[in-house]
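Observations on chain architecture
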Amino acid sequence: MIAHSRILTAVVLLVSLAAIAGCSKKAPPPAAETAPAAAPMTEAPTAQLTATPTVISAGDQVVLSWRTSNATTISIDGIGDVPSSGVKTVTPAGSTSYHLVAAGPGGTTDATARVTVNSPPAVVVPTNTMSAEDEFKAHVRDAFFDYDTYDIRSDAQTVLAADASFLASHPDIKVVIGGYCDERGSNEYNLALGQNRADAAKNALVTAGVAANRIRVVSYGKEKPFCSESTEECWQQNRRAGFTLDR
Amino acid sequence: MKSFFRVFPLFLIPFAALPLSAQDWVHTGTNLGADRIRIAAADFKPLSADPQTPALKAVFDATLYADLSGAGIFDLVSKSMAPQVTPGSPQEINLPQWAAAPANAAMVAFGSLSTDNGRMFVSGWLFDARNTVTPQVLVKQYNDTAGEESARTIAHRFADEIILRLGGGINGIAETRIYFISSRSGTKEVWVMDYDGQNQHAVTHLGTISISPRISPDNSRLAFASLDRDGWDIRMYSFDLNRYVAFPAGTAGGSNQSPAWSADGSKVAFSSSRSGNPEIWLSDASGSNLHKLTAFKGPNVAPTFNPRTGAQIAWVSGRTGLPQIYTMDIDGSNVQRITDGGYAVSPSWSPNGQLLAFSWNRKYGPGDPGGDDIHVIDLASKDYLQITHESGSNDFPSWAPDGRHIVFQRTIGSHTEIWSMLADGTQQQQLTHTGNNSMPNWSWK
């Protein structure tokens, strides 16, 4: 509660300081009233700035177009002085806010156009730029098991369904399913258990429509552990059917 | 417990009085003999001035002493209690000196060793210290190339003669060997060593992962499992031909592993997943006549033949969840569950056919790491005894052919080494000290 009221006090103080600052800024009389009247161009300038398109991939071009009135000096940040209206092609490396300032006898005004640059373009067109290995790793996940069983858990069912769907959309990919066990228990038994786990994962994929001849199964038992700590977290990491790209 | 001993009074020797009063450990084993013979091993007499002699004599004396000490049937007179003499022949021994306190020896082994021109000659006698009229029990003479390995071999042979003569006609094991897996070269390869841990060297150099070595009963072939691109294959190495020989039944993709030899060397059983689930399969040693023995869900691995009958196989099955040990007839019939719970693996059938040694964690489960200990179960009564206690995680027991010794792997922390012991759990001895060493398999002779 004490901390709370301290925060409240601080907030109140800040608000009042801001109010005082705001008041002092407003104190000088408006410039227009003190400036000599200039008959022909006293209207405030106007400005418009557009970018087309507003979302691009890195390396793509954007067309900036602008239009102003009642302005004598027009500039765009990063480009410099420009005519009162015009069109310019730019290639921003990253997302950019183009800021146009138009100044004239009637005052100053500005306009902004934001361009969003998506990177890397690989996300948009993955097959062209991502290696098959990376894509495989990004989409195919391992199925994990409870200790001393090879039953497919519900979370593993979800994972295997997604894996099957990826494999269905990439018919040229072949896969190795490795059967792994945690460090507990005996090597020979774990080798057979790893075989059961990898076969269970394979059967799930085959049931989901993946051709059996695209799947190679190797049990590693406890011979090739992913991690070696004697903790439940590590043991769970090791109790899995692990997927790798077959070559 | 008591009924267990009544059923097998000749085989199971409780050194009970001491352990039972202090803790709940009971010692058992086979062929360990009720009364240990008190025997003395005199240092042999050097008979030559050859500079090689002292070093070779030291190896010989130490090896003979260790062999007799570890045999499991002797009460060996300690060096400090033995007379400080080296009788080199029957004429030089003063038997009453050995029969009297503090040695109190019933038997004395003694003899001489000499080297000459790259050869070594050993004469050994075994005398009955209490029979001054006809004391000679045994006399042996050996002639071999001079060298440490020969000195060890001759000592092993002489020890085995004594053990055979005094140990109820059961052959000694001093010339047997132990096959095992070592990763000391970087990959898991098959290695072999003498039964006492001496003379360790690699058998395979495959550069992959090799496991589960099993030597054939005649020592001519080694079966083991090895990882390749399509899974695990049973491979065969011939020591007669010094190369790998075909075993077509052992290659089928998937997991083909944990081979076992029948005692006559004519059959090989192993686990294979070729039909889907890992099951026990049986074939001739050539790989022909392959057929499946089991059809149970879950892992089925680690067969071991009854070496006495050749008509039964024990193995490990996960058909009910955690692995349990079962037996069946060699045609797959008459399946019997042997263990009643926990995590039971790696059975090894005793040479007399009556006992199984195996690794058992009776409290296995999540959050209950328990302890994997070597147990021995009597197949007729299902009575069992725990052999290792409170020391690491113990697995892969393998009986020595004398039925008195068991070799096994012990993991402490992340380190696995090979140990041997008497089948009652006493005289535990670490045999390997370099790298990680596992899955020992004691040769049949």
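Residues numbered from 1 in each chain as written. Chains lettered and ligands numbered in written order. Predicted model: local features only at pLDDT ≥ 70, side-chain atom pairs only at ≥ 80, totals over all residues. Heavy atoms only, no water.

Description of the confidence of the model for chain B
- In the predicted model, chain B carries a mean pLDDT of 92, and 91% of its residues have values of at least 70.
- Our summary of model confidence lists the complex with pTM equal to 0.78 and ipTM equal to 0.90. (pLDDT = per-residue confidence, 0-100.)

Quick look at the side chain of B:Asp373
- Structurally, the position occupied by B:Asp373 is in strand β24 (residues 373-378).
- Within the structure, the side chain of B:Asp373 is placed 3.1 Å from the side chain of B:Asn394, a separation counted as a polar contact. (Helix = DSSP H or I, 4+ residues; strand = E, 2+ residues; numbered from the N terminus. Polar contact = N/O pair within 3.5 Å; in protein donor to acceptor, adjacent residues only side chain to side chain.)

A short note on the nonpolar core
Residue and element names in this part refer to chain B.
- One finds Ile-39, Leu-68, Phe-74 and Ile-162 to be the most contacted residues of the largest nonpolar core, which totals 29 residues.
- Counting only elements with at least two residues in this core, the list comes to β1 (37-41), α3 (53-70), β3 (74-76), β4 (107-116), β5 (119-128), β6 (136-145) and α5 (148-166).
- Among the elements that make up this core, the one with the highest residue count is α5 (8 residues).
- Those residues in contact with Phe-74 that lie beyond four places of it in its chain are Arg-36, Ile-37, Ile-39, Leu-68, Ile-162, Ile-163 and Leu-166. (Core = buried A, V, L, I, M, F, W, Y, C linked by side-chain atoms within 4.5 Å. Buried < 20%, exposed > 50% of the residue type's maximum accessible area, 1.4 Å probe, protein only. Contact = heavy atoms within 4.5 Å.)

Thoughts on the domain arrangement of chain B
All names here are of chain B.
- Per the domain assignment, the segments making up chain B are domain 1 (37-166) and domain 2 (177-442).
- Computed from C-alpha coordinates alone, the two centres of domain 1 and domain 2 are separated by 37 Å.
- With 10 residues of domain 1 in contact, the opposing surface of domain 2 contributes 9 residues.
- It is Gly-70, Arg-152 and His-156 in domain 1 that bury the most area against domain 2; as a group they hold 43% of the surface buried on that side. (Domains from an automatic or database assignment. Buried area = accessible area lost by both parts, 1.4 Å probe.)

Quick look at the pairing of strand β16 (residues 279-284) of chain B
Residues and elements named next belong to chain B.
- By the criterion of burial, β16 is predominantly enclosed, with 5 of the 6 residues buried.
- Summarising the sheet, strand β15 (residues 267-272) and β16 pair through 6 bridges and their orientation is antiparallel. Of the residues in β16, the one forming a bridge with Ser-272 is Glu-279.
- Remark: 6 residues form the turn of the hairpin made by β15 and β16, two consecutive strands paired antiparallel; Gly-276 in that turn has positive phi of roughly 120°.
- As paired elements, β16 and strand β17 (residues 291-292) share 2 bridges and run antiparallel to each other. Each residue of the ladder has a partner; that of Trp-281, found in β17, is Lys-292.
- Where β16 folds back onto β17 in an antiparallel hairpin, the turn is made up of 6 residues, including Gly-287, whose phi is positive at roughly 100°. (Pairing = 2+ DSSP bridges.)

Considerations on empty space enclosed by the protein
- What the rule picks out here adds up to 2 cavities of 30 Å³ or more.
- The computed volume of the largest cavity comes to approximately 50 Å³.
- Together, A:Tyr147, A:Asp148, A:Cys181, A:Asp182, A:Arg184, A:Asn190, A:Leu193, A:Arg197, A:Arg239 and B:Tyr364 line the largest cavity.
- A class-by-class count of the residues in the lining of the largest cavity yields 4 nonpolar, 1 polar and 5 charged.
- If you add up the space inside the second largest cavity, you get close to 30 Å³.
- Forming the boundary of the second largest cavity are B:Asp67, B:Gly70, B:Ala71, B:Ile163, B:Ile173, B:Ala174, B:Tyr195 and B:His405.
- Residue classes in the lining of the second largest cavity are distributed as 5 nonpolar, 2 polar and 1 charged. (1 Å grid on protein atoms, 1.4 Å probe; cavity = no way out; pocket = protein on both sides within 12 Å on 5 of 7 lines; lining within 4 Å. Points joined across faces, edges and corners; volume = space filled by probe spheres on them. Nonpolar A, V, L, I, M, F, W, Y, C, P; charged D, E, K, R; others polar.)

Some details on the sheet that holds strand β2 (residues 55-57) of chain A
Residues and elements named next belong to chain A.
- Read across the open sheet, the 5 strands follow the order β2-β8-β7-β4-β5; overall the sheet is mixed. The sheet terminates laterally at β2 and β5 (80-81), the two strands that pair on one side only.
- Relative to β5, strand β4 (residues 73-76) is paired through 2 bridges, and the arrangement is antiparallel. When the bridges of β5 are listed, Ser-75 appears paired with Asp-81.

Some words on the environment of A:Leu193
- Within the fold, A:Leu193 resides in helix α6 (residues 187-207).
- Taking the relative accessible area as the measure of exposure, A:Leu193 reaches 3% and is therefore buried.
- As a C-alpha pair, A:Leu193 and A:Tyr180 span 13 residues in sequence and 8.1 Å in three-dimensional space.
- Beyond its immediate stretch of four places on either side in the chain, A:Leu193 contacts A:Asp148, A:Thr149, A:Tyr150, A:Cys181 and B:Pro299.

Description of the pattern of salt bridges
- A complete count under the given rule lists 21 salt bridges over all chains for this structure.
- With its nearest N and O atoms 3.3 Å apart, the salt bridge here joins B:Asp75 to B:Arg38. In this pair, B:Asp75 sits in strand β3 while B:Arg38 sits in strand β1, placing the two residues 37 residues apart along the sequence.
- Residue classification places B:Asp75 among the partly exposed residues on the basis of a relative accessible area of 33%.
- A salt bridge links B:Asp340 to B:Arg362; its shortest N-O distance comes to 3.2 Å. Residue B:Asp340 is found in the loop between β21 (336-337) and β22 (343-349), and its partner B:Arg362 is found in the loop between β23 (355-361) and β24; the two are separated by 22 residues along the sequence.
- The exposure class of B:Asp340 is exposed, given its relative accessible area of 55%.
- A cluster of three or more residues bridged by salt bridges with shared partners is formed by A:Asp182, A:Arg184, A:Glu232 and A:Arg239. (Salt bridge = Lys/Arg side-chain N within 4 Å of Asp/Glu carboxyl O.)

With respect to the state of the cysteines
Residue and element names in this part refer to chain A.
- According to the stated counting rule, one finds 1 disulfide over all chains in the structure shown.
- Bridging Cys-227 to Cys-234, the disulfide has an S-S length of 2.3 Å. Linking Cys-227 and Cys-234, the disulfide has an S-S dihedral of approximately 115° and is accordingly described as right-handed. Pair check on accessibility: Cys-227 and Cys-234 agree, each one buried. (Disulfide = S-S within 2.5 Å.)

A look at the interface of chain A and chain B
- With 25 residues of chain A at the contact, the number on the chain B side is 38 residues.
- Taking both partners together, chain A and chain B bury about 2400 Å²; carbon and sulfur atoms supply 53% of that area.
- There are 3 salt bridges connecting chain A and chain B.
- Note that A:Glu188 is salt-bridged to B:Arg214, the shortest N-O span being 2.9 Å.
- Residue assignment for the side of chain A that touches chain B shows that the elements contributing at least two residues are α6 and β11 (215-221) of chain A.

Re the packing of helix α5 (residues 154-169) of chain A against α6(A)
Residue and element names in this part refer to chain A.
- Viewed as axis vectors pointing N to C, α5 and α6 meet at an angle of 55°, and their least axial separation amounts to 9 Å. Accordingly, the angle class assigned to the pair α5 and α6 is oblique. Every pair of crossing elements has a handedness; the one defined by α5 and α6 is right-handed. Residues Leu-160, Asp-163, Ala-164 and Leu-167 of α5 lie in contact with α6, whose contacting residues are Ala-201, Ala-204 and Leu-205.
- Taken together, the residues of the contact of α5 with α6 break down into 6 nonpolar, no polar and 1 charged. (Axes fitted to C-alpha atoms, helices over the stretch in contact; angles between N-to-C directions. Parallel < 35°, antiparallel > 145°, perpendicular 65-115°, else oblique. Left-handed = near helix turned anticlockwise from the far one by under 90°.)

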